Amino acid sequence: MVKAVVGANWGDEGKGKITDMLGQESDIIVRYQGGSNAGHTIINNYGKFALHLLPSGVFYKHTTNIIGNGVALNIPYLINEIKSIVEKGAPTPKILVSDRAQIMMPYHILFDQYEEERLGGKSFGSTKSGIAPFYSDKYSKIGFQISELYDEEVLKEKVCRVVEMKNIILEHMYHKPTLNPEEIYQLLLEYKRQVDPYVCDTALYLHNAIKSGKNILLEGQLGALKDTDFGIYPMVTSSSTLAGYGAIGAGIPAYEIKDIIAVAKAYSSAVGAGEFVSEIFGEEADELRRRGGDGGEFGATTGRPRRMGWFDAVATRYGCRMQGATEVALTVLDVLGYLDELPICVGYKIDGEVIKDFPTTVKLAKAKPVYEVLPGWKQEIRGIKEYEDLPENCRKYIEFIEKEIQVPITMISNGPGRDEIIKKPR
Ligand code: GDP
């Protein structure tokens, strides 16, 4: 049985916690897209961890953790991340890396920085992890697939070809130091040495696992609104963030993904530039940012303050629809207990007309939020275990959202810890 945990919003919804929790009953956890450009925060018996590349199941002794072919694999980053969790006392995780995953090269990261510099104020707000140059190269067929490390002659020839092209851009477009093909070749041999113990045909491994009835969890990174096709293009990421892509990025049949858990946050937050209709500013935003998440809403990778907003039912309904959500986990609800009133964005006003369906970016840029305001519950809800024990106004907030997004909310997260979860009857 294959399940996916994915984001219904702009990322940072708390997928890490939900994946970590569901990891308990999973045999295999797979990362299938993105790279080390976003982080999951996990709090468990070993401490607090910000994982960027490793699947959030690495803390269980019983799970196999897979870096799928769809991932942008930064090899030294992976090795360091494994080391850092083991150093903190967690058991050595079982990790498999797809022989078809492609390698994040140091020059991808440089190109990312150079391009942001070149764009100046018009930049995309990239995390500068090399993601866009990486996926550009992958689809231009000048990336390096792990399997290519195993034919040194062909590899050497390809390195020369790629470096020649990169150097033209470095020299003439960015006026930056050029690359040395021999150094790049040696680096790739070093990467091979580092990653070799983990490499396997993970698609075949998953095929056999599905056949023998294993529980497999696909872990998405970022959220639907950052998807290359269906997000707020061009302020999106360069790989698909949708559950559907899990089939490609893990190498399994699409019809095997039976359950899609979209994680939605009880308010909105976003990092980087891009349209954000229900965004709030000033003291109102500062207070929510300060109280939000676990110790404030600041990026797990960059430390940047996140942009804050009220819950956006238009965007979340769309996010759930594009994910194909079969159920929703609503997270960080505990943070909202201080508010007298909770606005929920239920429509977008564009040129005098109110729409309910999330539009393309050009229209989105003109959208103004239409709010419905619900009363607050003015109470701490951490520690509550049963749905009926939540304050009435809190339940009303959840049920209002459920009606708006048209997908059953089955889990409510009322704290960052693994056990701080309320199962909601359907
Ligand atoms: P992810 O990338 O979707 O996994 O999200 P992040 O880990 O970046 O952001 C979620 C943040 O909220 C982390 O700091 C979590 O520890 C925290 N968190 C997750 N669920 C809850 C919750 O229900 N309540 C509170 N207060 N914090 C939560």
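Predicted model only: the values in this text are computed from it and were never measured.

1. With respect to the site of the ligand
Inference 1: Inspection of the region around the ligand gives 19 residues, with Lys-15, Gly-16, His-40, Asp-334 and Ser-413 positioned closest.
Inference 2: Separating an oxygen atom of the ligand from a backbone N or O atom of Lys-15 is a distance of 2.8 Å.
Inference 3: Note that a nitrogen atom of the ligand is positioned 2.7 Å from one of the side-chain N or O atoms of Asp-334.
Inference 4: Burial of the ligand by the protein amounts to 96% of the accessible area it has alone, namely 580 Å².
Inference 5: One can see that the ligand is located within the second largest pocket.
Inference 6: When contributions to the shell around the ligand are tallied by element, the ones reaching two or more residues are helix H1 (15-23) and strand E3 (40-44).
Inference 7: In terms of residue count, the dominant contributor to the shell around the ligand is H1 (three residues).

2. Quick word on the layout of surface pockets
Inference 1: Size it by volume and the largest pocket reaches roughly 950 Å³.
Inference 2: At six residues, the largest contribution of residues to the lining of the largest pocket is made by helix H3 (residues 106-119).
Inference 3: Here the lining of the largest pocket is built from residues that sort into 19 nonpolar, 16 polar and ten charged.
Inference 4: Each of domain 1 (2-82 + 204-423) and domain 2 (102-196) gives at least three residues to the lining of the largest pocket.

3. Some words on the pairing of strand E1 (residues 2-7)
Inference 1: Counting buried residues in E1 gives six out of six residues, a clear majority hidden from the surface.
Inference 2: With burial as the criterion, each face of E1 is covered, one bearing Val-2, Ala-4 and Val-6 and the other bearing Lys-3, Val-5 and Gly-7.
Inference 3: With six bridges connecting them, E1 and strand E11 (residues 257-265) associate as parallel partners. Residue Lys-3 lies in a different strand from E11, and its bridge partner there is Asp-259.

4. Structural notes on the pattern of salt bridges
Between side chains of opposite charge, a pair can form as their charged atoms come close.
Inference 1: Enumeration according to the criterion identifies 26 salt bridges in this entry.
Inference 2: The partner of Arg-289 in a salt bridge is Asp-286, with the nearest N and O atoms 2.9 Å apart. Linking Arg-289 with Asp-286, this pair stays in helix H9 (residues 282-291), spanning three residues, or about one helical turn.
Inference 3: By relative accessible area, Asp-286 is classed as partly exposed at 34%.
Inference 4: Measuring nitrogen to oxygen at the nearest pair gives 3.2 Å for the salt bridge that ties Asp-351 to Lys-366. With Asp-351 in the loop between strand E17 (341-350) and strand E18 (353-355) and Lys-366 in the loop between helix H11 (361-364) and strand E19 (368-375), the pair connects residues that are 15 residues apart, well separated along the chain.

5. Description of the domain arrangement of the protein
Inference 1: When the domains of the protein are assigned, the result is domain 1 (2-82 + 204-423) and domain 2 (102-196).
Inference 2: Between domain 1 and domain 2, the C-alpha centre-to-centre distance is 30 Å.
Inference 3: Tallying the contact residues gives 24 residues for domain 1 and 20 residues for domain 2.
Inference 4: Summing both sides of the interface, domain 1 and domain 2 together bury roughly 1,600 Å²; the carbon and sulfur share of this comes to 61%.
Inference 5: By the criterion of area lost to domain 2, the three top residues of domain 1 are Leu-73, Ile-75 and Ser-238, representing 29% of everything that side buries.
Inference 6: The interface formed by domain 1 and domain 2 contains zero salt bridges.
Inference 7: Across the contact surface, domain 1 and domain 2 share four residue pairs in polar contact (both at pLDDT 80 or more).
Inference 8: For the side of domain 1 that touches domain 2, the secondary structure elements donating two or more residues are strand E6 (72-73) and helix H2 (75-87).
Inference 9: With three residues, the top contributor of residues to the side of domain 1 that touches domain 2 is H2.
Inference 10: The class makeup of the residues in the side of domain 1 that touches domain 2 is ten nonpolar, 13 polar and one charged.

6. Topic: the sheet that holds strand E14 (residues 307-309)
Inference 1: On the basis of which strands lie adjacent, the open sheet formed by three strands has the order E12-E14-E13 and antiparallel pairing. With partners counted over all chains shown, the strands left at the sheet margins are strand E12 (268-270) and strand E13 (279-280), one partner each.
Inference 2: Sheet analysis places E12 next to E14, joined by three bridges and oriented antiparallel. Paired with Ala-270 across the two strands is Arg-307, which belongs to E14.
Inference 3: Strands E13 and E14 of the sheet are contacted by H9, whose axis makes an angle of about 100° with E14.

Scoring rules and cut-offs
Residues numbered from 1 in each chain as written. Predicted model: local features only at pLDDT ≥ 70, side-chain atom pairs only at ≥ 80, totals over all residues. Heavy atoms only, no water. Near = heavy atom within 4 Å. Polar contact = N/O pair within 3.5 Å; in protein donor to acceptor, adjacent residues only side chain to side chain. Areas by Shrake-Rupley, 256 points an atom, 1.4 Å probe, with all protein chains shown as cover. 1 Å grid on protein atoms, 1.4 Å probe; cavity = no way out; pocket = protein on both sides within 12 Å on 5 of 7 lines; lining within 4 Å. Sits in = over half its atoms within 2 Å of the grid points. Helix = DSSP H or I, 4+ residues; strand = E, 2+ residues; numbered from the N terminus. Points joined across faces, edges and corners; volume = space filled by probe spheres on them. Nonpolar A, V, L, I, M, F, W, Y, C, P; charged D, E, K, R; others polar. Domains from an automatic or database assignment. Buried < 20%, exposed > 50% of the residue type's maximum accessible area, 1.4 Å probe, protein only. Pairing = 2+ DSSP bridges. Salt bridge = Lys/Arg side-chain N within 4 Å of Asp/Glu carboxyl O. Contact = heavy atoms within 4.5 Å. Buried area = accessible area lost by both parts, 1.4 Å probe. Axes fitted to C-alpha atoms, helices over the stretch in contact; angles between N-to-C directions.

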